[in-house]
Amino acid sequence: MAIALNATATGRGVDAAAAAARRVIAALVRAGDISGADMTAVADRLNAIADELEATAPALRERLVNMWRGDGTTRHDPVTGPENPLAPPLEYTGRPDGSIEAQVTLDLPYQGPPSCVHGGVSALLLDHTLGVANAWSGPSGMTAELTLRYHHPTPLFEPLTVTGRQVAVNGSKIRAVGSISAGDRTCVTAEGLFIAKHPPRPR
């Protein structure tokens, strides 16, 4: 197999801070403007944290180089990255047929229709999953085309299975398929065309 499927979450440092930020994001969306919390005080505390982080952050170029160090999986992407509070995050496992899958339960920050996952979030999850499936099986590259079919609403608050599998390689063109399902119900399917091309990493 070509790569590790996931960056390992350490449970400390920036990973722990990102996990705490995920809790804050979910709690804010859950609370809304009908919470009994003092949201002005909450905003003041959150802004103080942001001020501290901005004041101590490295230069953007330095951070970009740091993000792309090494040759394995990244830690910052918005789907699996343990140091990205936007990531659910997914954790993939490999299956005997060469495909990958992840289990995830999404909460209110990912809502589109009532109690359902936003279609753009489904696209994000599947685009990334197909890319990882390609790298897991062999040649990988950049997304050239992603076609999604929405079969059923994808529920929030329920375990979802996200899968990806490389199906063909023809020169620089790579094709992969994937799906999101809830129990035995297929919610979204995807077909992707990828081109075996990679932008240079910041150095």
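This one's a predicted model, so the numbers in the text were calculated from it and none came from an experiment.

On to the overall build of the chain, then. Scanning the chain from N- to C-terminus turns up four helices and six strands. If you list the helices and strands of the chain from N to C, you get α-α-α-β-β-α-β-β-β-β. Here the C-alpha atoms of the chain give a radius of gyration of 18 Å, agreeing with the 17 Å that 2.2 N^0.38 yields for 203 residues. Projected onto the principal axes, the alpha-carbon positions of the chain cover approximately 55 × 45 × 25 Å. Out of the 203 residues belonging to the chain, those deemed buried represent 32%. Considering only residue pairs separated by 6 or more positions, the chain has 65% of its internal contacts joining residues 24 or more positions apart. For the chain, the accessible surface area stands at approximately 11800 Å², while carbon and sulfur atoms represent 56% of it.

There is a patch of nonpolar side chains on the surface, built from Val24, Leu28, Leu46, Ile49 and Leu53 and spanning about 390 Å² of accessible area. Taken together, the elements giving at least two residues each to the nonpolar patch come down to α1 (13-31) and α2 (39-56). Counting residues per element, the nonpolar patch draws most heavily on α2, which supplies three residues. Along the polypeptide, Val24 turns up in helix α1.

Within the secondary structure, Pro155 is located in the loop between β3 (142-150) and β4 (159-170). Taking the C-alpha atoms as reference, Pro155 lies 30 Å from Val14; in sequence the two are 141 residues apart. Aside from chain neighbours lying at most four places away, what touches Pro155 is Ser115, Cys116, Val117, Leu160, Ala182, Arg185 and Cys187.

Moving on to the pairing of strand β6 (residues 185-195). Note: β3 against β6, eight bridges, orientation antiparallel. Within β6, the residue paired with Leu148 across the bridge is Ala190. In the sheet, strand β5 (residues 173-182) pairs with β6 via ten bridges, with the strands oriented antiparallel. Opposite Lys173, over in β6, you have Ile195 as the bridge partner. Hairpin connection of β5 to β6: two residues between the antiparallel strands, including Gly183 at a positive phi of 65°.

Further remarks concern the packing of α1 against α2. Interaxial distance between α1 and α2 falls to 13 Å at its minimum, and their mutual angle equals 160°. By the angle between their axes, α1 is roughly antiparallel relative to α2. Crossing angle aside, the handedness with which α1 passes α2 is left-handed. Residues Val24, Leu28 and Ala31 of α1 pack against Met39, Val42 and Leu46 of α2. The residue makeup of the contact of α1 with α2, split by class, is six nonpolar, no polar and no charged.

Let us now look at the side chain of Thr80. Note on placement: Thr80 falls in the loop between α3 (60-67) and β1 (92-94). Look past the residues within four positions of Thr80 in its chain and what remains in contact with it is Ala87, Pro89, Leu90, Tyr92 and His128.

Moving on, we get to the sheet that holds β1. Spatial ordering of the open sheet is given by β1-β2-β4-β5-β6-β3, a layout of six strands whose pairing is antiparallel. Looking at strand neighbours, the two that pair on one side only are β1 and β3, the edges of this open sheet. Looking at each pair of strands side by side, their axes are set apart by 20° on average, direction ignored. Note that β1 and strand β2 (residues 100-105) share three bridges and pair antiparallel. Counterpart to Gly94 in the pairing with β2 is Ile100. Set on the sheet, helix α4 (residues 119-137) makes contact with β1, β2, β3, β4, β5 and β6; between it and β4 the angle comes to about 50°.

Right, let's talk about the nonpolar core for a bit. Counting 29 residues, the largest nonpolar core has Leu90, Tyr92, Ile100, Leu106 and Leu160 as the members making the most contacts within it. At the level of secondary structure, the elements contributing two or more residues to this core comprise β2, α4, β4, β5 and β6. The greatest single-element share of this core, amounting to seven residues, is contributed by α4. With near-sequence residues (within four places) excluded, Leu160 lies in contact with Ala102, Gln103, Val104, Leu106, Val117, Thr154, Pro155, Ile180, Ser181 and Ala182.

The rules behind these values
Residues numbered from 1 in each chain as written. Predicted model: local features only at pLDDT ≥ 70, side-chain atom pairs only at ≥ 80, totals over all residues. Heavy atoms only, no water. Helix = DSSP H or I, 4+ residues; strand = E, 2+ residues; numbered from the N terminus. Rg over C-alpha atoms; globule rule 2.2 N^0.38 Å. Buried < 20%, exposed > 50% of the residue type's maximum accessible area, 1.4 Å probe, protein only. Contact = heavy atoms within 4.5 Å. Areas by Shrake-Rupley, 256 points an atom, 1.4 Å probe, with all protein chains shown as cover. Patch = residues over 30% accessible without salt bridge, like charges linked within 9 Å, V, L, I, M, F, W, Y side chains within 5 Å. Salt bridge = Lys/Arg side-chain N within 4 Å of Asp/Glu carboxyl O. Pairing = 2+ DSSP bridges. Axes fitted to C-alpha atoms, helices over the stretch in contact; angles between N-to-C directions. Parallel < 35°, antiparallel > 145°, perpendicular 65-115°, else oblique. Left-handed = near helix turned anticlockwise from the far one by under 90°. Nonpolar A, V, L, I, M, F, W, Y, C, P; charged D, E, K, R; others polar. Core = buried A, V, L, I, M, F, W, Y, C linked by side-chain atoms within 4.5 Å.

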